[in-house]
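Given next are the chains, with one letter for each unit.
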Amino acid sequence: MDFWSRIIGGSRSLSKSPRATSPTERLTTFKRTCNTLQQIWRSSNSTAAEQAAIVHARHCIERLNSVLSDESRGPAPHPCLAYAASSQIFVTVTKLALSSYDEAMLRSATVLFNTLIDSEVDGVVDNRLFARALVDLVRRADKKSADIEGRLVELLFGVANNIRLQPNILPAWFAPRTDDEEQSTGSVEFAGTMRTDDFPLFYLLVEWVHHAGRAGDFARTGLLYLIETASRSKDLERWLIESDLATLMATGLGALYSQLGSLGSCLDVEPVVPHVISHSDHAQQETALPPALGSSMDSFMAYLLFWQDTIDHCKSAEVVATLLDHFQVLFLEQLLYPSLLESSDVEGGSTAAVLTYLYRILASVDQEDLVQRILHFLLASPSGVDVQAPEKKKDMSASRRKSLDVLAAFSQEAARPSPTLFNLRDLVLLGLQSPNRQTVLATLRLLTVILQRYSSFSIFLIRTNPTQPAKQRTVGALNAEVGHLLTMATSIMEEPTLDQSFDNYLKDASWILESRLATPPPDNCSETLPCEIRQEDPIVRELLGCLETFFTNTVIVNLALTEVLMSIASSHLMALDGWLLVDPAKYHYVQSDGGSSNDKSEDILDQVHRMYQEPTWSPADTPALTAALRRLVDKVQEWRKQVEDFDILIAARRDLLHEDDVRTNQAEQNLGTPAPRSTERYSSNTPRTPPLGFDQGTPRGRRDLRNLTSPQRSIVGSPLREVTVNKTHSPPPRDASEARSAAEELRKRLAAPFLPESKVSTFNDRTDNSAQEPSPADQEVAVTDEEERKPKAETASLGHVLTNVVILYEFLLEISAAVQARGAIFEEAGFHGVGSSLPVDDS
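Residues numbered from 1 in each chain as written. Predicted model: local features only at pLDDT ≥ 70, side-chain atom pairs only at ≥ 80, totals over all residues. Heavy atoms only, no water.

The next point concerns unusual backbone geometry. You will see that Gln88, though not glycine, has its phi angle at about 55 degrees, which is positive. Along the polypeptide, Gln88 turns up in the loop between helix 4 (79-87) and helix 5 (89-100). By relative accessible area, Gln88 is classed as partly exposed at 28%. Backbone geometry at Glu120 places phi at a positive 60 degrees, although glycine is not the residue there. Along the chain, Glu120 turns up in the loop between helix 6 (103-119) and helix 7 (128-140). Looking at Glu120, the relative accessible area reads 64%, which means it is exposed. (Helix = DSSP H or I, 4+ residues; strand = E, 2+ residues; numbered from the N terminus. Buried < 20%, exposed > 50% of the residue type's maximum accessible area, 1.4 Å probe, protein only.)

Okay, structure coming up:
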């Protein structure tokens, strides 16, 4: 015990000594402390004195940290840092930290290693003994707390960052076996095997790469730096291809995907819902708000975005190709696609969940190669990548071919269903036909994100006639079409600020359509675009069928439905002829009997006037979508005749839906700063942000892609912000009792069932095999199925119907603006007929 008393006593006298100021004094103090640590390690400890030794050793390490910290902040020279490298004190510190099982000492040890890594002193990060000591510390340390775990992974990140900046230090950490060494040991390995001893730093980072929080962030970034370095080291590039990097990353992603549970409801954590949903019949149902996917989804998305960053940062084409091939085979083919194929749509089934997962994946990923692999495979595109194609191996390196051979073995062992028999388009069609409201909603959201963000794949979902490109119409014809749509909107509601509202919608549509022009056409597309939509396309017919029950649909379904329809209407690949607009060949013009004229200027002027002439068309030639919208508008007109104060109710409901926006604007004007908002809103004085998914840097700001959990393009977010004052509103009650009585009576009236004698017409030809009327024996079953498909169609409340009427009004304005903007931006209308004969009925 005398020995320990002398050491501890020396420690007390050392701690009381004045702080060394000169480099010589610092070095003397540093050497003395290093010698003390080495003595503690060499001495045999008794059980009674062990704790005292641990405390003393911890104080010595802290003293080293203090001296190094002081020195690193001063100018060169840095003799203490140089001595720490030459004396290899980090080896002793590692041994003491691991043998003590003391969290405080381990924390101090991480500080010492971090200081040495950041010092850039020769003989530290480029030293194999330092590499071994750090790897042992991280691998064997007792990681009881998140703080210690984060500190240890931060050390690995620091080394990876140094390797990225100085690739010449890589040999200290990376020592792959040569071909001669493998042959001499008689253990030649195949590609894809684990080679931990070659690059322990890499495998340590992989252990934490899927973790959340600080440790996961450091691990993912550190691994990115190592992969980025592969472009400057042929040995590392070869090792990454032949090792199990791609296998570990793909199987890790699959493991996180397999842990995803069923959809939950976020009503408990976010009870405040937008007015457009709260004033409906389904405000408290599970589809009223975006589903709560939980922490498992957060972990999966973090790892998927790490995949995206890896592909972006890796400069080696062969490493990228290896990663993408494993992503396709091990994740897409063997996990994601089978989960879509095997999902169940019964009550409580998984179809809605897996569609939502796919929607979140496509809404979050921006990396083009990943998106191409996902959608080409799931849609069975002929231009997709065949991993096992023999022609792919012709120009590959030997390492790349070895990797593909191992991947082929994985692929052959698994029974792989093929999307050529059942692809994503078939799943979307079944989803739209589902009686499960969650499944329909998830399908509409998935359609939206594909049509908006990846429009080049839209032709694989919505079939077109490639031999019938769009025809340009005259300015007069465009005006007639837009006027027809606007007339339907104004017949629903009279708005004093219609011009300003429509102008705001027009600005939004212009930004959206201009962003489409930057989207390249589909691969191997030789057709003239845009092309006409096939009217018999099953998905189009399902969308129109869903529109037929618009007033009794849930509000969230209608918002998603109109988002899909707007996405199609704004697609630069699809024409509106025959679907939303009349085919120009079916226009009727009034022929004028103007005599011949010898004045060429008058003749040209007359032809220009004819270009502004508005045509007419036969009701039989009305496009499918326009006809469906017309039926909805006609139904509103019927209700206007049946309900005396229907106009007042619509105006009041619209004012109510915009109530939050007015309050928000007033708060912003009073405070001068945006007020906090419980849900995503838009300013009432500016046009709203473009619909979901258009984030190409418009002046209205970029929408965060990770929040795309449900379509937020509601009428609450429309540009029609000004609350109108209807002059026909009834005067306020005379006193408080009358006000309460009137309010209670109105609440009961709005909650009462509506549509007692006004069933919305159904769309009988919804699918290719559903055109026949059910037999009398099957009528009861058919009615039951229809009620399950669109629940409570006959018992929608008056308030619910009014909300959907307002949504229809806003949608008509929005789609009218899109039609007008397309005429100029896509050059679908103009003066092409000037100098030619007047357009007539023939094409």
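Next comes the rest of the description.
This part covers the pattern of salt bridges. Applying the stated criterion across every chain, the model contains 25 salt bridges. As a salt-bridge pair, Arg214 and Asp147 come within 3.9 Å of each other at their nearest N and O atoms. Here Asp147 lies in helix 8 (residues 146-165) and Arg214 lies in helix 11 (residues 213-229), a separation of 67 residues in the sequence. The structure contains a network of salt bridges with shared partners spanning Glu103, Arg107, Asp147, Arg151, Glu154 and Arg214. (Salt bridge = Lys/Arg side-chain N within 4 Å of Asp/Glu carboxyl O.)

To continue, consider the packing of helix 6 against helix 7. Look at helix 6 against helix 7: their axes get within 12 Å of each other, and the N-to-C directions meet at 145 degrees. Remark: the crossing between helix 6 and helix 7 carries left-handed chirality. Residue-level inspection shows Leu106, Phe113, Leu116 and Ile117 of helix 6 in contact with helix 7, the latter providing Phe130, Ala133, Leu134 and Leu137. Of the residues in the contact of helix 6 with helix 7, the class split is 8 nonpolar, no polar and no charged. (Axes fitted to C-alpha atoms, helices over the stretch in contact; angles between N-to-C directions. Left-handed = near helix turned anticlockwise from the far one by under 90°. Contact = heavy atoms within 4.5 Å. Nonpolar A, V, L, I, M, F, W, Y, C, P; charged D, E, K, R; others polar.)

Tallying each qualifying case throughout the model produces 28 aromatic pairs. Measuring from ring centre to ring centre gives 6.2 Å for Phe30 and Tyr83, while their planes differ by 85 degrees; the resulting arrangement is edge-to-face. Pair noted here: Phe30 is in helix 2 (residues 23-42) and Tyr83 is in helix 4, with a separation of 53 residues, a long-range link. Arranged with centres 6.1 Å apart and planes meeting at 40 degrees, the rings of Phe457 and Phe460 form a pair that is tilted. For Phe460, a relative accessible area of 23% translates into the label partly exposed. By way of ring pairs, the aromatic residues Tyr257, Phe300, Trp307, Phe327, Phe331 and Tyr357 are connected into one cluster. When the ring centre of Tyr225 is taken as origin, the NZ or CZ atom of Arg164, which lies over that ring, is 4.1 Å away. (Phe/Tyr/Trp six-rings, centres within 6.5 Å; stacked < 30°, edge-to-face > 60°. Lys NZ or Arg CZ within 6 Å of the ring centre and 35° of its normal.)

Caution is warranted with low-pLDDT regions, since their predicted coordinates should not be read in detail. For the protein, the average pLDDT comes to 76, and 70% of its residues sit at 70 or higher. Between residues 183-192, whose pLDDT stays under 50, and residues either more than four places distant or in other chains, the model counts 15 contacts. Confidence drops under a pLDDT of 50 for residues 833-843, and excluding neighbours within four residues, the segment shows 21 contacts in the predicted structure. (pLDDT = per-residue confidence, 0-100.)

Before going further, it helps to examine the environment of Val111. Here Val111 is to be found in helix 6. By relative accessible area, which is 32% here, Val111 ends up partly exposed. In sequence terms Val111 and Arg151 are 40 residues apart; their C-alpha atoms lie 8.3 Å from each other. Here Val111 is in contact with Asn65 and Arg151, once residues within four sequence places are set aside.

This part covers the packing of helix 23 (residues 475-492) against helix 33 (residues 798-825). Contact pair helix 23 / helix 33: the axes reach a minimum separation of 9 Å and the direction vectors enclose 165 degrees. With respect to helix 33, the axis of helix 23 lies roughly antiparallel. As helix 23 packs across helix 33, the resulting crossing turns out to be left-handed. Across the interface between the two elements, Leu478, Val482, Leu485, Leu486, Met488, Ala489 and Ile492 from helix 23 touch Val805, Leu808, Tyr809, Leu812, Leu813, Ile815, Ser816, Val819, Gln820 and Gly823 from helix 33. (Parallel < 35°, antiparallel > 145°, perpendicular 65-115°, else oblique.)

A word on the nonpolar core. Within the largest apolar cluster, 212 residues are counted, with the highest numbers of intra-cluster contacts made by Trp173 and Phe300. Top contributing element to this core by residue count: helix 33, with 16 residues. Not counting the four nearest positions on each side in its chain, Trp173 is found in contact with Val125, Phe130, Ala131, Leu134, Val135, Val159, Ile163, Asp198, Phe199, Pro200 and Leu201. (Core = buried A, V, L, I, M, F, W, Y, C linked by side-chain atoms within 4.5 Å.)

Within the secondary structure layout, Ser364 lies in helix 17 (residues 351-364). Given a relative accessible area of 5%, Ser364 falls into the buried group. Of the polar contacts made by the side chain of Ser364, one reaches the backbone oxygen of Arg360; its length is 2.9 Å. (Polar contact = N/O pair within 3.5 Å; in protein donor to acceptor, adjacent residues only side chain to side chain.)

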